[in-house]
Amino acid sequence: MARRALTTTAAAFATAAALLLSACGGGDDSPSDDIKGAGDSSSSPSASASSSAPGVKRPVIKLPSSFQLTFENWTSSDPVEQAVLDDGREQLRAGYEAIIENDPDSRDRAFYDTKNGFLQSRQWIRTYTDKNLTVIGKLPVFDPKVTLAEDKAAASLSYCTDESKAGTKNRKTGEVKGNPAGTDPEVVYVISMGKNAQGVWQAVSAHSERGGCAR
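Residues numbered from 1 in each chain as written. Predicted model: local features only at pLDDT ≥ 70, side-chain atom pairs only at ≥ 80, totals over all residues. Heavy atoms only, no water.

## Focus on the overall build of the protein
To keep it simple, the criterion reads: For helices the rule is a DSSP run of H or I covering at least 4 residues; for strands it is a run of E covering at least 2, with both sets numbered from the N terminus onward. Here the term buried applies to any residue with accessible area under 20% of the maximum for its type, exposed to any over 50%, and partly exposed to those in between, with areas from a 1.4 Å probe on protein chains only. Here, residues are in contact when the closest pair of their heavy atoms is within 4.5 Å. Under the convention used here, a 1.4 Å probe and the Shrake-Rupley method define accessible areas, while residue burial counts only the protein chains that appear.
Helix and strand content of the protein: four helices and nine strands. Scanning the protein from its N terminus toward the C terminus, one meets helices and strands in the order α-β-β-β-α-α-α-β-β-β-β-β-β. The buried share among the 215 residues of the protein stands at 52%. If you take every contact in the protein between residues at least 6 apart in sequence, the share linking residues at least 24 apart comes to 72%. Carbon and sulfur atoms make up 51% of the accessible area of the protein, which totals about 9700 Å².

## Some remarks on helix α4 (residues 115–129)
Rule in force here: The span one expects for a helix is its residue count, reduced by one, times 1.5 Å.
An ideal rise of 1.5 Å per residue puts 21 Å on 15 residues; α4 measures up with 21 Å between its terminal C-alpha atoms. Among the residues making up α4, those that are buried are G117, F118, Q120, S121, W124, I125, T127, Y128 and T129. Those residues of α4 that are buried lie in contact with α2 (79–100), α3 (107–111), β4 (133–148), β6 (166–170) and β9 (201–210).

## Focus on the packing of aromatic side chains
Two measures describe an aromatic ring pair: the distance that separates the ring centres and the angle between the ring planes. Note the following rule: Two aromatic rings from Phe, Tyr or Trp, using only the six-membered ring of Trp, form a pair when their centres are within 6.5 Å; if the ring planes differ by under 30 degrees the pair is stacked, by over 60 it is edge-to-face, and anything between is tilted.
The full count for this structure, using the stated rule, is seven aromatic pairs. Ring centres of W124 and Y128 lie 6.0 Å apart, and the angle between their planes is 90°; on these two criteria the pair is classed as edge-to-face. Placement of both W124 and Y128 in helix α4 is noted, with a separation of four residues, approximately one turn of the helix. Residue classification places W124 among the buried residues on the basis of a relative accessible area of 1%. In this structure an aromatic cluster arises from ring pairing among F67, Y96, W124 and Y128.

## Considering the pattern of salt bridges
Threshold: Here, a salt bridge means any side-chain nitrogen of Lys or Arg that lies within 4 Å of a carboxyl oxygen of Asp or Glu.
Using the criterion set out here, one finds nine salt bridges in the structure. A salt bridge links R58 to D87, with the shortest nitrogen-to-oxygen separation between them at 3.0 Å. With R58 in the loop between β1 (45–48) and β2 (61–64) and D87 in helix α2, the pair connects residues that are 29 residues apart, well separated along the chain. A relative accessible area of 0% places D87 in the buried class. With a shortest N-O distance of 3.1 Å, R210 and E163 are connected by a salt bridge. Of this pair, R210 sits in strand β9 while E163 sits in the loop between β5 (154–162) and β6; the two residues are 47 residues apart in sequence, bridging distant segments of the chain. Judged by its relative accessible area of 0%, E163 falls in the buried class.

## Some thoughts on the pairing of β9
Rules: Pairing between strands is defined by DSSP: at least two bridges between them are needed.
Where strand β8 (residues 186–195) and β9 come together, nine bridges link them in antiparallel fashion. Counterpart to M193 in the pairing with β9 is A203.

## Some details on the confidence of the model for the protein
Stated formally: By definition, pLDDT measures how confident the predictor is in each residue, and it falls between 0 and 100.
The pLDDT averaged across the protein works out to 81; a share of 74% of its residues lies at or above 70. At the level of individual helices and strands, the protein shows its lowest average pLDDT in helix α1 (residues 9–18), which scores 34, and its highest in α2, which scores 98. Low pLDDT, under 50, characterises residues 1–44; the stretch is placed with 142 contacts to residues that sit more than four places away or in other chains.

## Section: the packing of α2 against α4
Quick note on the threshold: Interaxial angle, 0 to 180 degrees, is taken between N-to-C directions of lines fitted to C-alpha atoms, where a helix line uses only the stretch in contact. For any helix crossing, the convention is left-handed if the near helix is rotated counterclockwise from the far helix by under a right angle, and right-handed if that rotation is clockwise. Under this grouping Gly is polar, as are all residues other than the nonpolar Ala, Val, Leu, Ile, Met, Phe, Trp, Tyr, Cys and Pro and the charged Asp, Glu, Lys and Arg.
Closest axis-to-axis distance for the α2/α4 pair is 9 Å, and the angle between their directions is 40°. The chirality of how α2 crosses α4 is right-handed. Only S121, W124, I125, Y128 and T129 of α4 make contact with α2, whose side of the interface consists of Q91, G95, Y96, A98 and I99. Tallied by class, the residues present in the contact of α2 with α4 amount to six nonpolar, four polar and no charged.

## Considerations on the pairing of β5
Of all nine residues that make up β5, eight are buried, and the element is covered over most of its length. As judged from the six bridges shared by β4 and β5, these two strands associate in the antiparallel manner. Residue pairing across strands places V141 opposite T161, the latter belonging to β5. Taking the residues between adjacent antiparallel strands as the criterion, β4 and β5 are bridged by five residues, where K152 takes a positive phi near 60°. Note: β5 against β8, nine bridges, orientation antiparallel. In the sheet register, T161 faces β8, and the bridge partner there is V187.

This is the structure:
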């Protein structure tokens, strides 16, 4: 997997730390930040657990088949980068699990966030739960890139998502909403991450920008 130049690390960390998370934790109430698309399906759960930091008891994240979160090319030959990818994946999955379970105080999500990171995550989750919204459809996550700090205790993880086949569904009315016409369905994220004492990579903060992804 390709790495970004190390010189971008400090700038990425500074940018991420200064901004609230949007589609992956935190953000405002703007409808454009909701995951958009359409389609519903059955509800048999899928489960996953990160393989990094062996020996640590990790939450098992469960998502129903009505929301298919897939990760493309989520591998690296570098074991430290792979650990960042593993925990970054579970952090994102835990956020959507919290939305689907209507649980802004999700302990599973908190496991993969720092204290400040979770305050932002909870704000993002509530942009759905406060509106009685859940997520449905398919959301591919692709083009991951990891940049490690020199001491390998901090990292920047970037990736893209494609919202064109994902959507929000009102729990009470059943109304489904998708991307407004003319809205770019692809969003790029930069996540600032740090490794805790147990060896788990946790999200500190993140920045998102619509557009700018390349297959």
